[in-house]
Amino acid sequence: MTDQNPTQPTRILKIGATRIVADASLSHLNPEQLRETLKITYPEIAHATLRETRLEDGTQVLEWVAIAGRKG
């Protein structure tokens with residue numbers, strides 16, 4: 001049995017190959033606040049494009065897709 005609240009779907013954060021299931025400490029943050037919080041650990045999301053989708057069960061998926069830059 002899980003202790004998740006069925007009225008509040010979970011959020012999944014995807015950064016490259018990393019998948020994070022958001023817990024209660026991240027549930028109240030909007031996507032830009034999440035970016036600010038997570039870019040300390042994952043600096044590649046500072047300029048990444050955010051893609052938001054919702055799964056059939058209501059789970060919100062926030063995926064940061066790195067954009068190609070140029071060197072020099």
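See the structure shown above.
Residues numbered from 1 in each chain as written. Predicted model: local features only at pLDDT ≥ 70, side-chain atom pairs only at ≥ 80, totals over all residues. Heavy atoms only, no water.

Colleague: How should I be thinking about the overall build of the protein in this particular structure?
Modeller: From N to C terminus, the protein includes 1 helix and 4 strands. Reading the protein from its N terminus to its C terminus gives the helix and strand order β-β-α-β-β. Taken across its 72 residues, the protein has 29% of its residues classed as buried. The contacts of the protein with a sequence gap of at least 6 include a subset with a gap of at least 24, amounting to 37%. Of the roughly 5,500 Å² that the protein leaves accessible, carbon and sulfur atoms contribute 52%. (Helix = DSSP H or I, 4+ residues; strand = E, 2+ residues; numbered from the N terminus. Buried < 20%, exposed > 50% of the residue type's maximum accessible area, 1.4 Å probe, protein only. Contact = heavy atoms within 4.5 Å. Areas by Shrake-Rupley, 256 points an atom, 1.4 Å probe, with all protein chains shown as cover.)

Colleague: Whenever I open this one, the sheet that holds strand β3 (residues 49-54) confuses me. Can you help?
Modeller: Either a parallel or an antiparallel arrangement is found when strands of a sheet pair, and the pairing is made through backbone hydrogen bonds. In spatial order, the strands read β2-β1-β4-β3; together these 4 strands make up an open sheet with mixed pairing. On the outer flanks of this sheet lie β2 (18-21) and β3, each paired with one strand and no other. When strand polarity is set aside, the average angle formed by the axes of neighbouring strands in this sheet is 20 degrees. Here strand β1 (residues 11-15) pairs with strand β4 (residues 60-65) via 5 bridges, running parallel. Following the sheet pairing, Ile15 is matched in β4 by Trp64. (Pairing = 2+ DSSP bridges. Axes fitted to C-alpha atoms, helices over the stretch in contact; angles between N-to-C directions.)

Colleague: In this structure, what is going on with the side chain of Thr59? I would like to understand it.
Modeller: Its place among the elements puts Thr59 in the loop between β3 and β4. Since its relative accessible area comes to 5%, Thr59 is described here as buried. A distance of 2.8 Å separates the side chain of Thr59 from the side chain of Asp57, its partner in a polar contact. (Polar contact = N/O pair within 3.5 Å; in protein donor to acceptor, adjacent residues only side chain to side chain.)

Colleague: Quick question: what am I supposed to make of the nonpolar core here?
Modeller: Soluble globular proteins tend to bury their nonpolar side chains together. Grouped together as the largest cluster of nonpolar side chains are 13 residues, with contacts concentrated most on Leu13, Ile15, Leu34, Leu38, Ile45 and Trp64. For this core, the secondary-structure elements that each account for two or more residues are β1, α1 (31-38) and β4. Ignoring any residue separated from it by four or fewer positions in sequence, one finds Ile15 in contact with Ile20, Leu38, Tyr42, Glu44, Ile45 and Trp64. (Core = buried A, V, L, I, M, F, W, Y, C linked by side-chain atoms within 4.5 Å.)

Colleague: Would you take a moment to explain the pattern of salt bridges for this structure?
Modeller: When the charged atoms of two side chains lie near each other, side chains of opposite charge can form a pair. Tallying each qualifying case throughout the model produces 3 salt bridges. For Arg35, the salt bridge identified is with Glu32, shortest N-O distance 3.2 Å. In this pair, Arg35 and Glu32 both sit in helix α1, 3 residues apart, roughly one turn of the helix. With a shortest N-O distance of 3.4 Å, Glu36 and Lys39 are connected by a salt bridge. (Salt bridge = Lys/Arg side-chain N within 4 Å of Asp/Glu carboxyl O.)

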